[in-house]
Protein chains: 2
Amino acid sequence: MDKVKEILAAALKLFVEYGFHGTPTSKIAQEAGVANGTLFHYFKTKEDLVIALYIDTKTRLAQHLIDNALPENTLKARLKNRYSQVMYWALEHSTEFRFIQQFHTSPFLSRLSAEEMYRQMKPDLDLIEEGIATKIIQPRPVDFIFSLFFNHINGLHQYLIHANLSTTEQNKLIEDTFDLLWGMII
Amino acid sequence: MDKVKEILAAALKLFVEYGFHGTPTSKIAQEAGVANGTLFHYFKTKEDLVIALYIDTKTRLAQHLIDNALPENTLKARLKNRYSQVMYWALEHSTEFRFIQQFHTSPFLSRLSAEEMYRQMKPDLDLIEEGIATKIIQPRPVDFIFSLFFNHINGLHQYLIHANLSTTEQNKLIEDTFDLLWGMII
DNA sequence: ATCTTTGTAGAGTGATTAGTCAATCTAGCA
DNA sequence: TGCTAGATTGACTAATCACTCTACAAAGAT
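Values in this document were obtained by computation on a predicted structure and should not be read as measured data.

(A) Structural detail: the overall build of chain A. Helix and strand counts for chain A stand at 9 helices and 0 strands. Taken from the N to the C terminus, the helices and strands of chain A come in the order α-α-α-α-α-α-α-α-α. A principal-axis box enclosing the C-alpha atoms of chain A has dimensions of 55 × 40 × 30 Å. The buried share of chain A, reckoned over its 186 residues, is 46%. Once local pairs closer than 6 in sequence are excluded, the contacts in chain A between residues at least 24 apart make up 66%. As displayed, chain A offers around 9,400 Å² of accessible surface, 53% of which is attributable to carbon and sulfur atoms.

This is how it looks when you write it as structure tokens:
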């Protein structure tokens with residue numbers, strides 16, 4: 001429903017601004033332009049709302065990556081494409097990206113099922129595994145490489161939103177930084 | 001006072017477990033074994049407590065780095081030492097490290113003064129600047145390199161606490177991973 | 001036309017919260 | 001000893017919170 005989207009959008013904005021527990025459900029309903037009861041009609045508890053918002057946000061990022069994939073290509077090109085597209089999305093949706101980071105370091109993370117977490121990481125894990133199997137990437141634990149990738153993206157994003165670069169400079173830095181990262185794992 | 005330490009220790013533990021706003025001051029006082037009023041005698045507001053705890057934790061990390069510094073050495077050795085010592089500290093104080101990460105992605109971060117933030121980053125920024133000035137490190141924005149370093153540490157830490165490695169394996173991985181990072185910036 | 005399901009509203013509720021306050025305790029000092 | 005200042009207490013309060021409940025509207029379904 002439309003109201004569900006309004007609630008999720010309001011929650012996203014307020015959570016990033018005031019934190020999860022720092023945002024009352026009443027404020028979320030108000031910001032979304034719906035009644036208090038409507039919020040609880042769609043989300044059984046506040047925690048359900050937080051989890052649903054995380055999954056929704058992550059799904060939208062995943063969809064962006066699918067829409068911009070380069071399937072017929074070398075492993076390096078596909079990995080670079082994924083890396084860059086995450087960065088582009090993160091820069092264009094910086095509230096969403098900050099919410100994801102906030103969620104990751106919060107106690108809510110443990111409420112996510114292992115399956116849901118694996119489902120989200122799978123495309124990247126597969127890519128890394130393929131790289132190792134074809135001896136392009138050096139043999140190291142897959143989740144170690146994933147962790148380096150993931151946090152490298154955080155680092156670059158953190159820098160880019162503080163530095164004030166033109167889009168051209170930004171894109172060049174994203175390209176260059178991927179090459180640095182690539183050099184690290186081959 | 002002793003009670004201040006008890007309060008900070010209790011707050012640290014509960015914040016990491018339940019989040020900032022998810023932890024009532026009454027529970028903190030209870031866990032610390034002091035009365036509710038005592039907490040507010042030492043910390044004017046709950047927010048003051050959060051900020052004080054962050055500064056205290058960061059100061060203890062900084063002290064660990066000072067205690068284990070290698071001042072008379074090459075830049076690479078000094079940087080590697082800092083990198084490793086942060087990792088050792090983070091692994092031994094993983095609640096503290098998780099609190100720092102939680103704080104960094106929370107809205108509380110903006111309550112920290114710019115001076116306090118700069119004060120904390122200065123030793124590393126100086127080291128990176130020295131490396132660039134002496135043409136050992138490639139000329140890139142100092143805070144870009146800092147950001148990569150910082151998030152690289154997060155990535156390795158994240159992997160190490162999930163993987164179950166022996167201390168020897170851990171230390172070897174820390175050494176190796178620094179070399180990867182070093183290769184990226186020279 | 002009537003029944004049923006679903007959406008929406010918003011006042012209401014009991015529990016919980018951050019922060020206060022007056023009272024007592026402790027220790028150092030004159 | 002008597003005085004003062006800070007430490008400590010825990011009952012208290014006003015506000016706020018997550019969530020419930022009842023009522024009503026809209027829209028299919030039969």
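There's more to say after this.
(B) Main features of the relation of the copies chain A and chain B. Of the two same-sequence chains, chain A is brought onto chain B (RMSD 0.0 Å, axial shift 0.0 Å) by a rotation of 180 degrees. Viewed as a symmetry operation, the transformation between the two copies matches a two-fold axis. A high fraction, 97%, of the interface residues of chain A reappear at the interface in chain B, so the copies pair face to face through one surface.

(C) Examining the interface of chain A and chain B more closely. In this assembly, 29 residues from chain A lie in contact with 28 residues from chain B. For the pairing of chain A and chain B, the buried interface totals around 2,400 Å² over both sides, and the portion due to carbon and sulfur atoms is 67%. Taken together, the links from chain A to chain B amount to 0 salt bridges. Those elements giving two or more residues to the side of chain A that touches chain B turn out to be helix H1 (2-18), helix H6 (94-104), helix H8 (142-162) and helix H9 (167-185) of chain A. Counting residues per element, the side of chain A that touches chain B draws most heavily on H8 of chain A, at 11 residues. Tallied by class, the residues present in the side of chain A that touches chain B amount to 13 nonpolar, 13 polar and 3 charged.

(D) How the structure looks around helix H4 (residues 46-67) of chain B. All names here are of chain B. Here H4 spans 32 Å end to end across 22 residues, near enough to the 32 Å set by a 1.5 Å rise per residue. For H4, the full list of buried residues reads Leu49, Val50, Ile51, Leu53, Tyr54, Thr57, Lys58, Leu61 and Leu65. In this structure, the buried side of H4 is in contact with helix H1 (2-18), helix H2 (25-32), helix H3 (36-42), helix H5 (75-92), helix H6 (94-104) and helix H7 (114-133).

(E) Representation of the protein's contact with DNA strand C in the model. Around DNA strand C, a shell composed of 15 residues is seen, among which Thr38, His41 and Tyr42 of chain A together with Thr25 and Lys46 of chain B lie nearest. For DNA strand C, the backbone makes up 72% of the atoms found within 4 Å of the protein, where backbone means sugar plus phosphate. A distance of 3.0 Å is found between a phosphate oxygen of DNA strand C and a backbone nitrogen or oxygen belonging to Ala35 of chain A. Lys46 of chain B is positioned such that a nitrogen or oxygen atom in its side chain is 2.7 Å from a phosphate oxygen of DNA strand C. Going through the elements one at a time, helix H3 (36-42) of chain A together with H3 of chain B are the ones with two or more residues in the surface near DNA strand C. Per-element accounting of the surface near DNA strand C gives the leading share, 5 residues, to H3 of chain A.

(F) A look at the packing of aromatic side chains. All names here are of chain A. Tallied over the full model, the rule gives 24 aromatic pairs over all chains. With centroids separated by 6.3 Å and ring planes inclined at 45 degrees, the aromatic side chains of Phe99 and Phe103 adopt a geometry described as tilted. In this pair, Phe99 and Phe103 both sit in helix H6, 4 residues apart, roughly one turn of the helix. With a relative accessible area of 0%, Phe103 lands in the buried category. Chaining the aromatic ring pairs together yields one cluster made of Phe15, Phe20, Tyr54, Phe99, Phe103 and Phe108.

(G) Molecular detail of the protein's contact with DNA strand D. Around DNA strand D, the surrounding shell holds 15 residues, and the nearest of these are Thr25 and Lys46 of chain A together with Thr38, His41 and Tyr42 of chain B. Contacts to DNA strand D include Thr38 of chain B, whose side-chain N or O atom sits 2.7 Å from a phosphate oxygen. Taking His41 of chain B, its side chain carries an N or O atom lying 2.9 Å from a phosphate oxygen of DNA strand D. At the level of elements, H3 of chain A together with H3 of chain B are the ones that each hand at least two residues to the surface near DNA strand D. With 5 residues, H3 of chain B is the single largest residue contributor to the surface near DNA strand D.

(H) Here's a closer look at the domain arrangement of chain A. Residue and element names in this part refer to chain A. According to the domain assignment, chain A contains domain 1 (1-44) and domain 2 (50-185). Listed by partner, the interface residues are 9 residues for domain 1 and 12 residues for domain 2. At the boundary of domain 1 with domain 2, total buried surface from both sides reaches about 980 Å², with 83% on carbon and sulfur atoms. On the domain 1 side of the interface with domain 2, the three residues burying the most area are Leu12, Val16 and Phe20, jointly 63% of the side's total. For the interface between domain 1 and domain 2, the tally reads 0 salt bridges. Counting the contacts that link domain 1 with domain 2 gives 1 residue pair in polar contact (both at pLDDT 80 or more).

Analysis parameters
Note that residues are indexed from 1 along each chain, following the sequence as it is written. The order in which chains are written sets their letters, starting at A; the order in which ligands are written sets their numbers, starting at 1. Local features in a predicted model are, by the rule used here, given only for residues with pLDDT of at least 70; side-chain atom pairs are given and counted only at 80 or more, and totals for whole chains, interfaces and linings are based on all residues. Each side-chain value is derived from all of the structure's non-hydrogen atoms; neither hydrogens nor water enter the calculation. Secondary structure elements follow DSSP: runs of H or I no shorter than four residues count as helices, runs of E no shorter than two count as strands, and numbering proceeds from the N terminus. Burial classification: accessible surface area is computed with a 1.4 Å probe over protein chains only, and a residue below 20% of its type maximum counts as buried, one above 50% as exposed, and the rest as partly exposed. Between two residues, a contact is recorded if the distance between any of their heavy atoms is within 4.5 Å. To be clear on the numbers: accessible area is Shrake-Rupley with a 1.4 Å probe, and residue cover counts the displayed protein chains and nothing else. Superposition of the copies was done by least squares, using only C-alpha atoms of residues whose pLDDT is at least 70 in both. The buried area of a pairing is the accessible area, by a 1.4 Å probe, that goes missing from both parts when the two are put together, added over both. The working definition used for a salt bridge is a side-chain nitrogen of Lys or Arg within 4 Å of a carboxyl oxygen of Asp or Glu. Each residue gets one label: Ala, Val, Leu, Ile, Met, Phe, Trp, Tyr, Cys and Pro are nonpolar, Asp, Glu, Lys and Arg are charged, and the others, such as Gly, are polar. For a helix, the expected span equals 1.5 Å multiplied by the number of residues minus one. If a single non-hydrogen atom of a residue is within 4 Å of a molecule or strand, that residue counts as near it. Whenever two N or O atoms come within 3.5 Å, that pair is a polar contact, provided that in protein one can donate a hydrogen and the other can accept it, and provided that, for residues adjacent in sequence, both atoms are side-chain atoms. Between 30 and 60 degrees the pair is tilted, below 30 it is stacked and above 60 it is edge-to-face, where a pair is any two Phe, Tyr or Trp rings, Trp via its six-membered ring, whose centres lie within 6.5 Å. Annotation comment: domain bounds sourced from an automatic or database domain assignment.

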